[in-house]
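Residues per chain are reported as follows:
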Amino acid sequence: MENTYDLSTVPSYIPKILKALPVTAEILIFSLLFGLLLGALVTMGALGKNKMVRIISNGYISFMRGIPTLVLIFLLYLGLPQLMVGIGIDLSAITKTKYIIACLSLGSSANMAEMMRASYLAVDKGQREAAYSVGMKGFTAFRRIILPQAVGIAIPTLGNNIIMLFKETSLAFTVGVIDLLGKARAISSASYGTNRLEVYIATGIVFWIICILMEYISKAVEKVYTKGRKQATS
Amino acid sequence: MINLGFILESTPAIIKAIPITLLMAFSSAIIGWILGLGIALIRKANIAIVAQVCAVFVSFMRGVPMVILLYIAYYALPILIYNYGLSIGVEIDVNAVPPVIYAISALLLDQAAYSSEIFRSALSAVDEGQMEAAYSVGMTKTQALVRIIFPQAFAIAIPNLGGLFLGLVKGTSLAYYVGVYEITATANLLAMPALNFIESYIMTTIVYEVISFIINKLFRYSENRLKRFRAGMTV
Amino acid sequence: MESMVELKNIHKSFGENHILKGVDMKIKKGEVVVILGPSGSGKTTLLRTINFLDSADDGSVSVHDFKVKCKKHTKSQVIELRRKTAMVFQNYNLFQNKTILQNVMEGLVTVKKYKKADAEVNSRKILEKVGLSERCDFYPSQLSGGQQQRAGIARALILDPDVILFDEPTSALDPELVGEVLKTIKVVAKTGITMIVVTHEISFAREVASRVIFMEGGVVVEEGPPSEILVNPKEARTQQFLQRITNPDNKEEETLLFTQ
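Residues numbered from 1 in each chain as written. Chains lettered and ligands numbered in written order. Predicted model: local features only at pLDDT ≥ 70, side-chain atom pairs only at ≥ 80, totals over all residues. Heavy atoms only, no water.

Chain C is annotated in an unreviewed UniProt entry as Amino acid ABC transporter ATP-binding protein (PAAT family) of Kineothrix alysoides. For the record of chain C, the UniProt heading Subcellular location (unreviewed entry) holds the text "Cell membrane". (UniProt positions renumbered as here; feature names shortened; annotations may be inferred.)

An unreviewed UniProt entry annotates chain B as L-cystine transport system permease protein of Kineothrix alysoides. The heading Subcellular location (unreviewed entry) in the UniProt record of chain B holds the text "Cell membrane". If you open the UniProt record of chain B and go to Sequence similarities (unreviewed entry), you find "Belongs to the binding-protein-dependent transport system permease family."

Structure below.
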């Protein structure tokens with residue numbers, strides 16, 4: 001039983017762990033972009049006229065909400081290549097980082113879609129009618145009246161979703177990507193695990209601080225964006 | 001391509017792992033939510049220092065990924081337990097403590113933090129007049145909270161608690177990394193010898209989807225039951 | 001006659017706002033006192049200091065010889081006081097998570113420690129009196145405002161309090177529902193229970209009140225039997241108030257609104 005720990009060494013690990021920040025940032029940014037895009041597509045499907053597309057979109061959302069991200073990672077990273085080899089497709093050229101980005105995009109797209117749908121539906125019906133009443137066409141009304149208000153409503157949830165996504169990037173280590181947590185594990189195993197508790201606490205602090213920053217930015221953006229649009233967000 | 005024989009053979013093993021997943025989820029939800037309600041009340045009453053400590057705790061729990069919390073609990077708790085044992089003169093064999101205890105500890109603290117935020121906003125959403133009415137018939141504060149305020153706050157909180165619980169069940173899959181043989185770990189273990197990953201994870205996915213579906217249904221059901229009196233409430 | 005409610009030198013401020021500036025009041029058993037006054041006069045606050053929903057900064061409150069000093073009151077004193085009083089709220093404030101029957105039973109069961117079965121029998125009787133026996137198992141949100149307020153009155157009545165406090169019981173109601181609630185309150189008034197009613201309904205005051213108190217600016221301006229106060233008020237402020245309230249389509253105000 002390891003029983004030695006020295007919390008005073010925790011800060012010294014923080015700069016070392018932060019060296020992996022670009023990897024985590026890359027994963028976060030790409031998963032966020034693809035997650036938003038995919039989420040928008042799914043939202044359009046879920047709110048659209050075609051019944052079949054609606055069923056598929058809603059099914060996709062509840063499927064993604066039901067599966068743990070870790071299982072999704074294993075399914076895609078370990079399971080999919082095996083399946084593809086069976087039909088003669090070789091996926092070994094895809095990097096681990098890309099797998100992680102794919103998994104996190106899929107996982108977050110469901111949350112993004114739920115956010116978009118809820119925000120869209122939260123815009124007062126009268127807004128669309130008012131836009132039509134002054135002669136706007138469907139898409140113009142959407143772009144100029146509905147969308148800006150929906151975005152205002154979505155900002156707090158978007159901030160939350162990004163923070164969730166950021167925390168989920170920590171799962172990249174499970175396939176061997178050297179992200180923040182991957183780096184932490186590497187540092188820890190370089191000293192045969194003797195300092196693992198300190199290293200994990202240091203990693204926790206890194207995530208915590210970045211989350212606090214993100215929350216702060218999210219609140220600031222919300223404030224700027226909703227200035228004079230209070231009605232839309234309340 | 002897909003080995004059906006493997007699926008048939010290993011299904012019982014995966015199903016046997018469901019109880020440990022549910023044990024983690026339910027025990028950390030029950031204890032965590034009670035703690036969360038406590039935190040919410042402390043922060044609402046704005047009790048000096050304790051409220052600030054709670055705020056920092058909530059912020060930390062919300063900022064740190066689950067898997068890191070699990071690692072910290074897994075490595076820190078045995079030391080704490082051991083040292084506590086020494087301080088009361090007992091040498092505790094911490095290796096005998098099953099890892100699921102550490103996993104539940106981390107999960108329940110996480111639940112306490114998130115649920116406290118849900119309870120806090122739900123408590124604020126209950127109309128102030130309800131408390132006054134309870135006072136006006138002569139109830140004590142505790143009676144008013146337990147009989148009038150909490151049931152209403154709970155009804156408001158149900159949809160969010162449902163989402164939180166779903167996230168918790170999914171989060172238990174991470175306990176794999178601290179050596180708990182729950183569903184995901186079992187699937188991995190089964191897949192390893194003959195590299196039956198796709199079969200194993202398809203099964204795992206189905207199991208989680210079914211559990212999620214049932215949880216969703218349960219929360220929807222209780223939401224609808226409580227809607228009767230929610231209709232007129234401002235949310 | 002014994003005095004049921006006695007307020008002495010009640011002061012209350014909200015921040016900088018001095019709402020009540022030393023109010024004294026003595027109410028005898030069986031009296032129906034109607035408090036009138038413009039909004040912001042402190043009449044609702046005064047009512048709420050009686051059961052300590054707002055605790056006064058200075059002065060004392062006694063109900064049926066139980067006296068509480070506002071400056072130093074204990075929790076148990078406040079609860080004791082609240083158990084001697086009951087309140088009917090402007091927004092009804094029925095317990096949203098309980099049916100109408102449960103709303104009425106609640107105080108009997110939790111406060112007076114009645115057995116559930118007994119509480120139910122009594123509650124059904126009271127609900128019948130206020131005309132709600134058909135609505136026992138409904139939730140408040142399923143009822144009209146008038147029905148909710150009648151249930152609120154039943155909830156107060158069943159506790160057999162020394163005094164019932166009515167805080168603008170008809171102000172939140174649609175005009176067509178005011179009548180049924182006033183009718184119920186009148187029935188209650190005839191039972192001889194002590195009542196303090198804050199309201200804007202002058203006609204109600206005229207018919208039911210044994211005494212009318214006019215408040216403005218945190219003090220009692222004038223009081224007396226309705227036949228005096230409502231017909232021949234002595235104070236100029238009372239006269240103005242009555243004129244404004246009995247003459248709602250005041251031409252002067254309307255022109256003001258448009259020229260502003």
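Draft legend 1. Representation of the UniProt feature "domain: ABC transporter" (unreviewed entry) in chain C within the structure. As recorded in UniProt, the sites labelled "domain: ABC transporter" (unreviewed entry) are residues 5-242 of chain C. Structurally, residues 5-242 of chain C is divided into 38% helix and 26% strand, and its ends, taken at the C-alpha atoms, are 27 Å apart. (Helix = DSSP H or I, 4+ residues; strand = E, 2+ residues; numbered from the N terminus.)

Draft legend 2. Summary view of the UniProt feature "domain: ABC transmembrane type-1" (unreviewed entry) in chain B. Mapped onto the present numbering, the UniProt feature "domain: ABC transmembrane type-1" (unreviewed entry) falls at residues 18-219 of chain B. Secondary structure within residues 18-219 of chain B divides into 81% helix and 0% strand; the distance between the first and last C-alpha atoms comes to 20 Å.

Draft legend 3. The confidence of the model for chain C, seen in detail. In the predicted model, chain C carries a mean pLDDT of 90, and 95% of its residues have values of at least 70. Predicted as a complex, the structure gets a pTM of 0.85 and an ipTM equal to 0.89. (pLDDT = per-residue confidence, 0-100.)

Draft legend 4. Region of interest: the interface of chain C and chain B. Each partner contributes to the interface: chain C provides 25 residues, whereas chain B provides 22 residues. Applying the counting rule to chain C against chain B returns 2 salt bridges. A salt bridge links B:Glu132 to C:Arg48, with the shortest nitrogen-to-oxygen separation between them at 2.6 Å. The interface formed by chain C and chain B holds 9 residue pairs in polar contact (both at pLDDT 80 or more) in total. Where the side of chain C that touches chain B is concerned, the elements lending two or more residues are helix H2 (75-84), strand E6 (85-88) and helix H3 (100-110) of chain C. Among the residues forming the side of chain C that touches chain B, the class breakdown is 10 nonpolar, 8 polar and 7 charged. (Contact = heavy atoms within 4.5 Å. Salt bridge = Lys/Arg side-chain N within 4 Å of Asp/Glu carboxyl O. Polar contact = N/O pair within 3.5 Å; in protein donor to acceptor, adjacent residues only side chain to side chain. Nonpolar A, V, L, I, M, F, W, Y, C, P; charged D, E, K, R; others polar.)

Draft legend 5. Main features of the pattern of salt bridges. Under the criterion given, the structure shown has 18 salt bridges over all chains. Between C:Glu106 and C:Lys98 there is a salt bridge; the shortest N-O distance is 3.6 Å. Residue C:Glu106 is classed as buried on the basis of its relative accessible area, which comes to 3%. Via salt bridges that share partners, A:Arg65, A:Glu114 and A:Arg117 belong to a single interconnected network. (Buried < 20%, exposed > 50% of the residue type's maximum accessible area, 1.4 Å probe, protein only.)

Draft legend 6. Highlighting the interface of chain B and chain A. Facing 43 residues of chain B, the contacting portion of chain A comprises 43 residues. Buried surface at the junction of chain B and chain A, summed over both partners, amounts to about 3600 Å²; 71% is from carbon and sulfur atoms. For the pair chain B and chain A, the number of links is 1 salt bridge. A salt bridge links A:Glu215 to B:Arg62; its shortest N-O distance comes to 3.7 Å. On the surface where chain B and chain A come into contact, there are 10 residue pairs in polar contact (both at pLDDT 80 or more). Counting residues per element, the ones that place at least two in the side of chain B that touches chain A are helix H2 (50-63), helix H3 (66-87), helix H6 (141-171), helix H7 (183-191) and helix H8 (197-230) of chain B. A per-class count over the side of chain B that touches chain A returns 28 nonpolar, 11 polar and 4 charged. (Buried area = accessible area lost by both parts, 1.4 Å probe.)

Draft legend 7. Main features of the packing of H3(C) against helix H5 (residues 145-157) of chain C. Residue and element names in this part refer to chain C. Interaxial distance between H3 and H5 falls to 8 Å at its minimum, and their mutual angle equals 25 degrees. As far as their axial angle goes, H5 and H3 are roughly parallel. Note on packing geometry: the crossing formed by H3 with H5 is right-handed. Every residue of H5 that contacts H3 at Ile100, Asn103 and Val104 is listed here: Ala151, Ala154 and Arg155. Considering only residue class, the contact of H3 with H5 consists of 4 nonpolar, 1 polar and 1 charged. (Axes fitted to C-alpha atoms, helices over the stretch in contact; angles between N-to-C directions. Parallel < 35°, antiparallel > 145°, perpendicular 65-115°, else oblique. Left-handed = near helix turned anticlockwise from the far one by under 90°.)

Draft legend 8. Quick peek at the UniProt feature "transmembrane region" (unreviewed entry) in chain B. This chain's UniProt record puts "transmembrane region" (unreviewed entry) on residues 20-42, 49-77, 144-167, 174-195 and 201-219 of chain B. Along residues 201-219 of chain B the backbone is 100% helical and 0% strand, and the end-to-end C-alpha distance reaches 27 Å.

Draft legend 9. Summary view of the state of the cysteines. Evaluation of the coordinates by the stated rule reveals 0 disulfides over all chains. We note that A:Cys211 lacks a disulfide partner, and the nearest cysteine sulfur, in B:Cys54, lies 20 Å from it. The buried category is assigned to A:Cys211, whose relative accessible area is 2%. (Disulfide = S-S within 2.5 Å.)

Draft legend 10. Structural context of the arrangement of the chains. Here the protein chains form 2 pairs of chains in contact, of which the pair with the most contacts is chains A and B. Between chain A and chain C there is no contact; the minimum C-alpha to C-alpha separation amounts to 23 Å.

Draft legend 11. Structural detail: the pairing of strand E2 (residues 17-28) of chain C. All names here are of chain C. Judged from the 9 bridges that link them, strand E1 (residues 3-14) and E2 form a sheet pairing that is antiparallel. Bridging across to E2, Lys12 finds its partner in Leu20. Hairpin connection from E1 to E2: 2 residues lie between these consecutive antiparallel strands, with Gly15 at a positive phi of about 60 degrees. (Pairing = 2+ DSSP bridges.)

Draft legend 12. Structural view of the sheet that holds E6(C). Residue and element names in this part refer to chain C. Here we have 6 strands laid out as an open sheet, ordered E6-E7-E8-E3-E9-E10, and mixed in their pairing. Each having just a single partner strand, E6 and strand E10 (219-224) make up the two edges of the open sheet. Here the strands of the sheet are splayed against their neighbours by 20 degrees on average, with no regard to which way each runs. In this fold H5 packs onto E6 and strand E7 (163-167), with an angle of close to 180 degrees to the strand it touches most, E6.

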